[in-house]
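# An overview of the molecular structure
If you want the building blocks of each chain, they are given just below.
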Amino acid sequence: MSKLFNTSLEWFLGCVISFLAYGLLFYFNEWLTNQLVFSLGVNWIYLPAGLRLFLTLIFGFPGALGIGIASFLISYFGAFSHDLTVCIGIGLISGFAPYLARIFVLSNLSLEPDLSNLNFPKVVACILIYALLSAGLHQWWFSTMGLENAGGLNHFFVMFMGDVLGALLLISLIKYCLDLLKKSRRTAH
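Our subject in this report is the structure included herewith.

Cut-off values and rules
- Residues numbered from 1 in each chain as written.
- Predicted model: local features only at pLDDT ≥ 70, side-chain atom pairs only at ≥ 80, totals over all residues.
- Heavy atoms only, no water.
- Helix = DSSP H or I, 4+ residues; strand = E, 2+ residues; numbered from the N terminus.
- Buried < 20%, exposed > 50% of the residue type's maximum accessible area, 1.4 Å probe, protein only.
- Contact = heavy atoms within 4.5 Å.
- Areas by Shrake-Rupley, 256 points an atom, 1.4 Å probe, with all protein chains shown as cover.
- Lys, Arg positive; Asp, Glu negative; His and termini not counted.
- Charge placed at Lys NZ, Arg CZ, Asp CG, Glu CD.
- Polar contact = N/O pair within 3.5 Å; in protein donor to acceptor, adjacent residues only side chain to side chain.
- Expected span 1.5 Å × (residues − 1).
- Patch = residues over 30% accessible without salt bridge, like charges linked within 9 Å, V, L, I, M, F, W, Y side chains within 5 Å.
- Salt bridge = Lys/Arg side-chain N within 4 Å of Asp/Glu carboxyl O.
- Axes fitted to C-alpha atoms, helices over the stretch in contact; angles between N-to-C directions.
- Parallel < 35°, antiparallel > 145°, perpendicular 65-115°, else oblique.
- Left-handed = near helix turned anticlockwise from the far one by under 90°.
- Nonpolar A, V, L, I, M, F, W, Y, C, P; charged D, E, K, R; others polar.

Our focus in this paragraph is the overall build of the protein. Looking only at helices and strands, the protein features 6 helices and 2 strands. Seen along its three principal axes, the alpha-carbon backbone of the protein occupies a region of about 55 × 40 × 35 Å. In the protein, buried positions account for 41% of the 189 residues. Taking as baseline every contact in the protein between residues at least 6 positions apart, the subset at least 24 positions apart corresponds to 69%. Taken as a whole, the protein presents about 10700 Å² of accessible surface, with 71% of it coming from carbon and sulfur. One finds the centroid of the 9 positive side-chain charges in the protein at a distance of 16 Å from the centroid of its 8 negative side-chain charges.

So, about the environment of N29. Looking at the secondary structure, you find N29 in helix α1 (residues 2–32). A residue is classified by how much of its surface remains accessible, and N29, at 1% relative accessible area, is buried. Aside from chain neighbours lying at most four places away, what touches N29 is N34, N43, I45, Y46, L47 and P48. There is a polar contact of 3.1 Å between the side chain of N29 and the backbone nitrogen of L47.

The next point concerns helix α2 (residues 48–59). Taking 1.5 Å of rise per residue, 12 residues should cover 16 Å, and α2 covers 16 Å from first to last C-alpha, within 8% of that figure. Burial runs high along α2: 9 of the 12 residues are buried. The complete set of buried residues in α2 reads P48, A49, G50, L51, R52, L53, L55, T56 and L57. Of the residues trailing α2, G60 is marked for its positive phi of about 70 degrees.

This paragraph deals with helix α5 (residues 120–144). Taking 1.5 Å per residue, 25 residues should reach 36 Å; α5 reaches 36 Å between its end C-alpha atoms and fits that length. Directly after α5, the chain includes G146, whose backbone phi takes a positive value near 70 degrees.

The next subject is a nonpolar patch on the surface. Taken together, the side chains of F19, L20, I69, L73 and F77 define a hydrophobic patch exposed on the protein surface, amounting to about 450 Å² of accessible area. Elements supplying a minimum of two residues to the nonpolar patch: α1 and α3 (61–76). Mapped onto the elements of the fold, F77 is located in the loop between α3 and α4 (84–108). Exposure remark for F77: the relative accessible area of 61% places this residue in the exposed category.

What follows concerns the packing of α2 against α4. The N-to-C vectors of α2 and α4 enclose an angle of 60 degrees; their axes lie 9 Å apart at closest approach. Classified by the angle between their axes, α2 and α4 sit oblique to one another. Crossing handedness for the pair α2 and α4: right-handed. Where α2 abuts α4, its residues R52, L53, T56 and L57 lie against S94, G95, P98, Y99 and R102. In the contact of α2 with α4, the residues fall into 4 nonpolar, 3 polar and 2 charged.

See below:
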């Protein structure tokens with residue numbers, strides 16, 4: 001019974017942490033890069049892309065679910081229409097495109113589930129696979145739903161580049177902060 005509770009608690013915490021972290025970074029990115037918006041839902045630099053990938057690599061399905069719920073709410077109460085179908089699709093794609101990328105890299109790139117053998121080439125592969133899935137699925141959904149200024153090759157390319165650049169920037173920032181933390185711990189001892 002205790003193991004079930006720990007697993008349920010870990011699952012719930014992964015979902016909540018992903019929900020909160022993604023929501024906060026989304027609004028920070030919106031504020032920081034508001035001059036880099038190409039069109040609705042498409043940005044030249046999208047930092048939350050890196051967080052989507054990072055959270056689903058760490059938490060798996062609970063991370064994808066937390067991101068999906070946050071993205072649905074952001075879409076529904078934000079600039080997208082209040083069409084429930086459109087926003088559910090956006091939420092599902094936002095949460096599960098990185099999860100599909102996770103499944104693909106775990107099974108095809110010999111990446112361990114605990115990420116113990118994650119290296120730079122595997123990170124780059126994860127980012128590219130995720131960005132292709134995310135941009136492709138989002139643009140397909142936008143065009144299927146008839147959203148204005150969506151679905152073309154230009155929108156796909158900009159979203160792909162925004163996801164790649166955002167993921168590289170965010171993951172580089174995380175790595176830099178971790179290196180600083182290690183350095184400060186060594187000098188403290």
